[in-house]
Amino acid sequence: MQKLGMGQAVNQALKEEMHRDPNVFIAGEGVGVSIHVNPMFPTHGLLEEFGPGRVKDTPVSEAAIAGLAVGAAETGLRPVVEIMFNPFFTLASDMIVNHAAKLRYLSGGKSSFPLVVRIKSGAGFGAGCQHSHNLEAWAAHCPGLKVVMPATAADAKGLLKSAIRDDNPVIFIEHMGLYFAPMPVPEQDYLTPLGQADIKRPGQDLTVVTWSGMLGVAMGAAEKLSQEGIEMEIVDLRTLTPLDRKTILASVEKTGRLIVLHEATRTGGFAGEIAAVVMEEGFRYLKAPLRRVTGPDIPVPASPPLEKFYIPDQNDLIQAAREIL
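These remarks concern the structure in this document. (Residues numbered from 1 in each chain as written. Predicted model: local features only at pLDDT ≥ 70, side-chain atom pairs only at ≥ 80, totals over all residues. Heavy atoms only, no water.)

1. Thoughts on the overall build of the protein
- Broken down by element type, the protein carries 13 helices and 14 strands.
- For 325 residues, the compact-globule estimate of 2.2 N^0.38 gives 20 Å, and the C-alpha radius of gyration of the protein, at 19 Å, lies within 12% of that figure.
- Structurally, the protein occupies a C-alpha span of about 55 × 45 × 40 Å along its principal axes.
- When each of the 325 residues of the protein is scored for burial, the buried share is 58%.
- With the model as given, the accessible surface of the protein reaches about 13200 Å², and the carbon-plus-sulfur share is 56%.
- Side-chain charges in the protein split into 30 positive and 36 negative, and the spacing between the mean points of these groups amounts to 4 Å. (Helix = DSSP H or I, 4+ residues; strand = E, 2+ residues; numbered from the N terminus. Rg over C-alpha atoms; globule rule 2.2 N^0.38 Å. Buried < 20%, exposed > 50% of the residue type's maximum accessible area, 1.4 Å probe, protein only. Areas by Shrake-Rupley, 256 points an atom, 1.4 Å probe, with all protein chains shown as cover. Lys, Arg positive; Asp, Glu negative; His and termini not counted. Charge placed at Lys NZ, Arg CZ, Asp CG, Glu CD.)

2. Description of empty space enclosed by the protein
- This structure, assessed with the given rule, holds one cavity of 30 Å³ or more.
- Estimated volume of the largest cavity: approximately 50 Å³.
- Taken together, Asn-134, Glu-136, Met-149, His-175, Trp-211, Ser-212, Gly-213, Met-214, His-262 and Glu-263 make up the lining of the largest cavity.
- Counted by class, the lining of the largest cavity contains three nonpolar, five polar and two charged residues. (1 Å grid on protein atoms, 1.4 Å probe; cavity = no way out; pocket = protein on both sides within 12 Å on 5 of 7 lines; lining within 4 Å. Points joined across faces, edges and corners; volume = space filled by probe spheres on them. Nonpolar A, V, L, I, M, F, W, Y, C, P; charged D, E, K, R; others polar.)

3. Considerations on the pairing of strand S14 (residues 291-295)
- As paired strands, strand S13 (residues 258-265) and S14 are joined by four bridges and run parallel to one another. Pairing of Val-260 across the sheet is with Arg-292, part of S14.
- What joins S13 to S14 is helix H11 (residues 271-282), and the crossover it makes is right-handed. (Pairing = 2+ DSSP bridges. Right-handed = clockwise from strand over helix to strand, strands pointing away.)

4. A short note on the sheet that holds S14
- Ordered in space as S9-S11-S10-S13-S14, the five strands form an open sheet in which the pairing is mixed. At either end of the open sheet lies a strand with only one pairing partner, and these are strand S9 (198-201) and S14. Averaged over all pairs of adjacent strands, the angle between strand axes in this sheet comes to 25°, irrespective of strand direction.
- The sheet strands contacting helix H9 (residues 214-226) are S9, strand S10 (206-210), strand S11 (232-236) and S13, and the helix crosses S11 at an angle near 170°. (Axes fitted to C-alpha atoms, helices over the stretch in contact; angles between N-to-C directions. Contact = heavy atoms within 4.5 Å.)

5. A look at helix H10 (residues 245-255)
- Within H10 the residues assigned to the buried category are Ile-248, Leu-249, Ser-251, Val-252 and Thr-255. One side of H10 holds all its buried residues, which, seen down the axis, span an arc of 160°.
- Buried positions along H10 lie against S10, S11, S13 and H11.
- Taken from the residues just after H10, Gly-256 is the one with a positive phi, measuring 80°. (Arc of directions from axis to C-beta.)

6. Here's the deal with the sheet that holds strand S2 (residues 24-28)
- Pairing is mixed in the open sheet, where seven strands are placed in the order S3-S2-S4-S5-S7-S6-S12. The outermost strands of the open sheet, each flanked by one partner alone, are strand S3 (55-57) and strand S12 (239-241). On average, adjacent strands in this sheet sit at an angle of 20° to one another, irrespective of strand direction.
- Across two bridges, the pairing between strand S6 (residues 146-148) and S12 is antiparallel. The residue bridging Val-148 from the neighbouring strand is Thr-239, located in S12.

7. Points about the pattern of salt bridges
- Throughout the structure, instances matching the rule amount to 24 salt bridges.
- In this structure, Arg-20 and Glu-17 form a salt bridge, with 2.9 Å as the shortest nitrogen-oxygen distance. Taken together, the residues span about one helical turn, with Arg-20 and Glu-17 both in helix H1 (residues 6-20) at a distance of three residues.
- Relative accessible area serves as the criterion here: at 40%, Arg-20 is assigned to the partly exposed category.
- In this structure Glu-17 comes out as buried when scored by relative accessible area, which is 0%.
- Note that Glu-228 is salt-bridged to Arg-322, the shortest N-O span being 2.4 Å. In this pair, Glu-228 sits in the loop between H9 and S11 while Arg-322 sits in helix H13 (residues 314-324), placing the two residues 94 residues apart along the sequence.
- Judged by its relative accessible area of 45%, Arg-322 is partly exposed.
- Here the salt bridges do not stand alone but share partners, grouping Glu-16, Glu-17, Arg-20, Lys-157, Lys-161, Arg-165 and Asp-189 into one network. (Salt bridge = Lys/Arg side-chain N within 4 Å of Asp/Glu carboxyl O.)

8. Focus: the side chain of Asn-86
- Within the secondary structure, Asn-86 is located in the loop between strand S4 (78-83) and helix H4 (89-100).
- You can call Asn-86 buried: its relative accessible area is 2%.
- Here Leu-135 takes part through its backbone nitrogen, which lies 3.1 Å from a polar atom of the side chain of Asn-86.
- With residues up to four places along the chain from it excluded, the contact list for Asn-86 reads Ile-119, Lys-120, Ser-121, His-133, Asn-134, Leu-135, Glu-136 and Ile-173. (Polar contact = N/O pair within 3.5 Å; in protein donor to acceptor, adjacent residues only side chain to side chain.)

9. Points about helix H8 (residues 153-165)
- In a regular helix each residue adds 1.5 Å, so 13 residues correspond to 18 Å; H8 covers 19 Å between its end C-alpha atoms and thus fits that length.
- Buried residues dominate H8, accounting for twelve of its 13 residues.
- When H8 is considered as a whole, its buried residues turn out to be Ala-153, Ala-154, Asp-155, Ala-156, Lys-157, Gly-158, Leu-159, Leu-160, Lys-161, Ser-162, Ala-163 and Ile-164. (Expected span 1.5 Å × (residues − 1).)

Encoded structure:
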């Protein structure tokens, strides 16, 4: 095993796939020369290794970046394009939602449209509401898109390699707070399948379903509750669509209690979809009402104390756990 931040793990995945397949190329704002001078960032060094023909800095236009990806995918290339912040997904949404997500369906399944849209996400950097809002539920609501949100460096590498090889458009959302924390990553070449959740911590008292940057919050809260004799089972979704219903329901059947934890705002958040699945398919397993622990329904503040209040923390999760127990 090697110790890498998520940004470095993504970098390794990109390198390996670009060496494996000459049709893979990268494009986005500053992916080559201006932004990723930090070796912890995902596209560091790729311009020097692969050249400007395969690592393309683009104008500051998310719509153009997404349009480039759709057109390239139609010609048989495998573009991996970057949207710098999650809220900027809205600027690219016409090409992604109305074209990338629909073209394979409109072709009657005769054509494939392999493209990956990498998006940085997450609050905690004082970047304000226009840069920090998590919109994964928007992408998951669009048929034809796969939505991936890794919580560990190892998963990020394996999932990104699978996403690049997939013949469908994949939205790959990376939490910036995970770029710099060293985590174990296998040294060998490997793939992590899309659509499979992972039990990051087994337990029998209650289930916590989470993803992306909130996994660390869940693991920390579970450690504290374990000292009181309460064992939380933590399910890391890894992929929102396709959703691994089987793993969620099996965990809830075992524990009888469910909390869904995510950083995004509460109303319309993906926790509501998970709650609906459990109520429709696993209501008989529940011993207590399920709970959501999420960000509040406000724009993400830029003020550090207010932003800290906005992001769900261990205390929020522990309080919810005690209430349903």
